[in-house]
Amino acid sequence: MVAVSAWGRLSALPHDTHSLSDRAQVPAQIAAASAARPGLAHGLGRSYGDVCLNPGGLLWQTRALDHFLAFDEQSGVLRCEAGVSLRDIQRLCVPRGWSLPVVPGTQFVTVGGAIANDVHGKNHHVAGSFGDHLRRFTLARTDGSLSECVPDEPLFAATVGGLGLTGVIIDAELQLKRVPGPWLTVETLPYRDLQEFFDLADASEAGWEHTVSWIDCLHRAGRGVFMRANPAQLDRAAPAARAGRRVPLVPPVSLVNRLSLRPFNALYYASKGRRATSVQHHENFHHPLDALMDWNRIYGPRGFYQYQCVLPFATGRDGIRALLDSTAAAGMGSFLAVLKTFGQRESIGMLSFAMPGVTLALDFPNEGERTLKLFASLDAIVREAGGRLYPAKDARMPRDLFEAGYPRLAEFLPHRDPGISSAMSRRLMGN
Ligand SMILES: Cc1cc2nc3c(=O)[nH]c(=O)nc-3n(C[C@H](O)[C@H](O)[C@H](O)COP(=O)(O)OP(=O)(O)OC[C@H]3O[C@@H](n4cnc5c(N)ncnc54)[C@H](O)[C@@H]3O)c2cc1C
């Protein structure tokens, strides 16, 4: 048994870990192993909470399923095993003029993990989420069967965003998109309040492929920094890959706290407080946190939570205001605070998170009851607004909020693999 934590480092509980490395063997391997107790696939553990944990049970590590199987440079169709990381794909394909059409805020995510949480990026309004670019995948079930799944099939829609509960994805075929190179033209625009944020988001949707913003959640009006970017055709060599810096140890207390947050936010806003245009490498723009390995350690030994919700457009403006006010009233705040609008596209997955609306993500150090009390008040706002929380980031949402936010749950449940279970499925689905 090995102690395994998710990205939030809220727990380190024992798991019986097994590495999957030969894809031909996977169906038999998971069938035999799960006969005694349920298992769960595990990618790079970049989910924040318990969606990737199965304490006391089996964890099938997929990182050794890391082979590229085929790449057609004419059509941009890539087939690879499910443990290949998005970073490996980008580093192979971007120099050849092809990119993943959707990338989340970190590249240290496997293809299987990206499918199971149907991850989104800064271009949701243009490209939807990861599952929208999947042509097919192979799914092993614990009854020993193998299915080749294609869009329009119920098992496809159950597995995209299916939280790893429908089987183990072995390999996948993705449609990449053409890019002129690794560079992006980036505009940075400060905004003074939430109204300006929404105006900028509206004005940017048609002409900009990527949009995102940082919001100063300690500021009463909701000031922030809006970033929008488009691919750039530049004859400039990509920078040499630098050795990543690393947070070397876990400090005894969280470095993000009431004392540090206000000056952090003020400094960050001041440093970005003027409209500017720059050229950035795609990795720096999309994955700034990847430059600091193990940054999750800065929250200290108790770990941290991320609270990410999406609210429909109709209730989003008032709802975001209310979420920020509640956070401020509780005397709490977040440095990594991201506000972004999603596009109108409905996600393909029965339990996919992204939906038309506005999404807010806030990181909080784990202060026990105090943090959970704040979350209860935020939950009430999300429930009232008809929104939902993101399972990839969650470790504690109440079951009724999950059921209210995911109306296709009843359609999803018959597709579950009975040999698979996670801490999250037991918490939110009863088994
Ligand atoms: C810094 C940071 C930024 C992030 N930014 C974003 C963002 O912008 N947008 C976004 O959507 N997400 C974001 N995330 C969340 C992250 O993209 C997801 O949690 C992703 O699913 C993690 O993939 P993983 O390979 O680490 O999978 P894990 O976290 O190990 O597992 C996630 C789920 O996938 C399942 N799974 C993994 N492999 C397989 C497989 N082969 N077959 C079946 N199921 C499988 C697991 O069972 C689990 O349910 C971010 C995370 C971090 C740490």
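Values in this document were obtained by computation on a predicted structure and should not be read as measured data.

Examining empty space enclosed by the protein
Thought 1: For the coordinates displayed, the defined rule picks out two cavities of 30 Å³ or more.
Thought 2: Looking at the largest cavity, its volume works out to about 170 Å³.
Thought 3: Ser99, Lys177, Val179, His282 and His286 are the residues nearest the centre of the largest cavity, which is lined by 20 residues in total.
Thought 4: Put simply, the parts of the chain that give the lining of the largest cavity at least two residues each are strand E12 (183-191) and helix H8 (282-286).
Thought 5: The residue inventory of the lining of the largest cavity, partitioned by class, reads 10 nonpolar, eight polar and two charged.
Thought 6: When its volume is computed, the second largest cavity comes out at roughly 70 Å³.
Thought 7: For the second largest cavity, the full set of lining residues is Tyr305, Gln306, Tyr307, Gln308, Phe375, Leu389, Tyr390, Lys393, Asp394, Ala395 and Arg396.

Re the packing of aromatic side chains
Thought 1: Here the structure, examined in full by the defined rule, presents 18 aromatic pairs.
Thought 2: Seen in terms of ring centroids, phenylalanine 137 and phenylalanine 156 are 5.0 Å apart; in terms of plane orientation they differ by 25°. Their pairing is stacked. A residue pair is termed long-range when its members are at least 10 positions apart, and phenylalanine 137 in strand E8 (residues 134-140) and phenylalanine 156 in helix H5 (residues 154-159) qualify at 19 residues. The pair phenylalanine 137 / phenylalanine 156 is uniform in exposure class, with both members buried.
Thought 3: Ring plane angle 10° and centroid distance 4.3 Å describe the contact between phenylalanine 353 and tyrosine 390, whose orientation is recorded as stacked. Of the two residues, phenylalanine 353 sits in the loop between strand E19 (337-342) and strand E20 (357-365) while tyrosine 390 sits in the loop between strand E21 (388-389) and helix H11 (399-405), which places them 37 residues apart along the sequence.
Thought 4: By relative accessible area, phenylalanine 353 is classed as buried at 1%.
Thought 5: A relative accessible area of 4% means that tyrosine 390 is categorised as buried.
Thought 6: An aromatic cluster is defined as three or more aromatic residues linked by ring pairs; in this entry it consists of Trp7, Tyr48, Trp295, Tyr299 and Phe304.
Thought 7: Sitting over the ring of tyrosine 269, arginine 223 keeps its end group 4.2 Å from the ring centre.
Thought 8: The positively charged end of arginine 388 is found above the aromatic ring belonging to tyrosine 406, 4.7 Å away from the centroid.

Comments concerning unusual backbone geometry
Thought 1: Of note in the backbone geometry, arginine 9 takes a positive phi value of approximately 55° without being a glycine.
Thought 2: Arginine 9 gets classed as partly exposed once you look at its relative accessible area, which sits at 22%.
Thought 3: Positive phi outside glycine occurs at aspartate 118, with the angle close to 40°.
Thought 4: Assignment of secondary structure puts aspartate 118 in the loop between helix H3 (111-116) and helix H4 (124-127).

Section: the pairing of E8
Thought 1: Counted residue by residue, E8 has five buried out of seven residues, so it is predominantly covered.
Thought 2: In this structure, E8 lies alongside strand E9 (residues 146-149), joined through four bridges in antiparallel fashion. Among the inter-strand pairings, alanine 140 is bridged to a residue of E9, identified as leucine 146.

Overview of the site of the ligand
Thought 1: Lining the immediate environment of the ligand, one finds 34 residues, of which Ala41, Arg46, Ser47, Thr110 and Tyr390 sit closest.
Thought 2: Between the ligand and glycine 113, the relevant distance is 2.8 Å, taken from an oxygen atom to a main-chain nitrogen or oxygen of the residue.
Thought 3: One of the side-chain N or O atoms of tyrosine 390 is found 2.7 Å from an oxygen atom in the ligand.
Thought 4: For the ligand, whose free accessible area comes to 960 Å², the fraction covered by protein is 96%.
Thought 5: Elements with a contribution of two residues or more to the shell around the ligand: strand E3 (41-42), H3 and strand E10 (168-175).
Thought 6: If you tally residues by element for the shell around the ligand, the top one is H3, at three residues.
Thought 7: A per-class count over the shell around the ligand returns 18 nonpolar, 14 polar and two charged.

Description of the side chain of aspartate 216
Thought 1: Here aspartate 216 is to be found in the loop between strand E13 (210-215) and strand E14 (224-231).
Thought 2: By relative accessible area, aspartate 216 is classed as buried at 3%.
Thought 3: If sequence neighbours within four positions are ignored, aspartate 216 has contacts with Gly222, Arg223, Gly224 and Asn265.

Details of the nonpolar core
Thought 1: Membership of the largest hydrophobic core comes to 99 residues, with the highest contact counts inside it found for Ile89, Phe130, Phe137, Ile320, Leu323, Leu339 and Leu360.
Thought 2: The dominant element in this core, judged by the number of residues it contributes, is helix H10 (residues 369-385), at six residues.
Thought 3: For phenylalanine 130, the contacting residues outside a window of four places in its chain are Leu86, Leu100, Val102, Val111, Ala114, Ile115, Asp118, Val119 and Leu174.
Thought 4: By size, the runner-up hydrophobic cluster in this structure holds nine residues, among which are Leu184, Val186, Ala229 and Tyr269.

Criteria and cut-off values
Residues numbered from 1 in each chain as written. Predicted model: local features only at pLDDT ≥ 70, side-chain atom pairs only at ≥ 80, totals over all residues. Heavy atoms only, no water. 1 Å grid on protein atoms, 1.4 Å probe; cavity = no way out; pocket = protein on both sides within 12 Å on 5 of 7 lines; lining within 4 Å. Points joined across faces, edges and corners; volume = space filled by probe spheres on them. Helix = DSSP H or I, 4+ residues; strand = E, 2+ residues; numbered from the N terminus. Nonpolar A, V, L, I, M, F, W, Y, C, P; charged D, E, K, R; others polar. Phe/Tyr/Trp six-rings, centres within 6.5 Å; stacked < 30°, edge-to-face > 60°. Buried < 20%, exposed > 50% of the residue type's maximum accessible area, 1.4 Å probe, protein only. Lys NZ or Arg CZ within 6 Å of the ring centre and 35° of its normal. Pairing = 2+ DSSP bridges. Near = heavy atom within 4 Å. Polar contact = N/O pair within 3.5 Å; in protein donor to acceptor, adjacent residues only side chain to side chain. Areas by Shrake-Rupley, 256 points an atom, 1.4 Å probe, with all protein chains shown as cover. Contact = heavy atoms within 4.5 Å. Core = buried A, V, L, I, M, F, W, Y, C linked by side-chain atoms within 4.5 Å.

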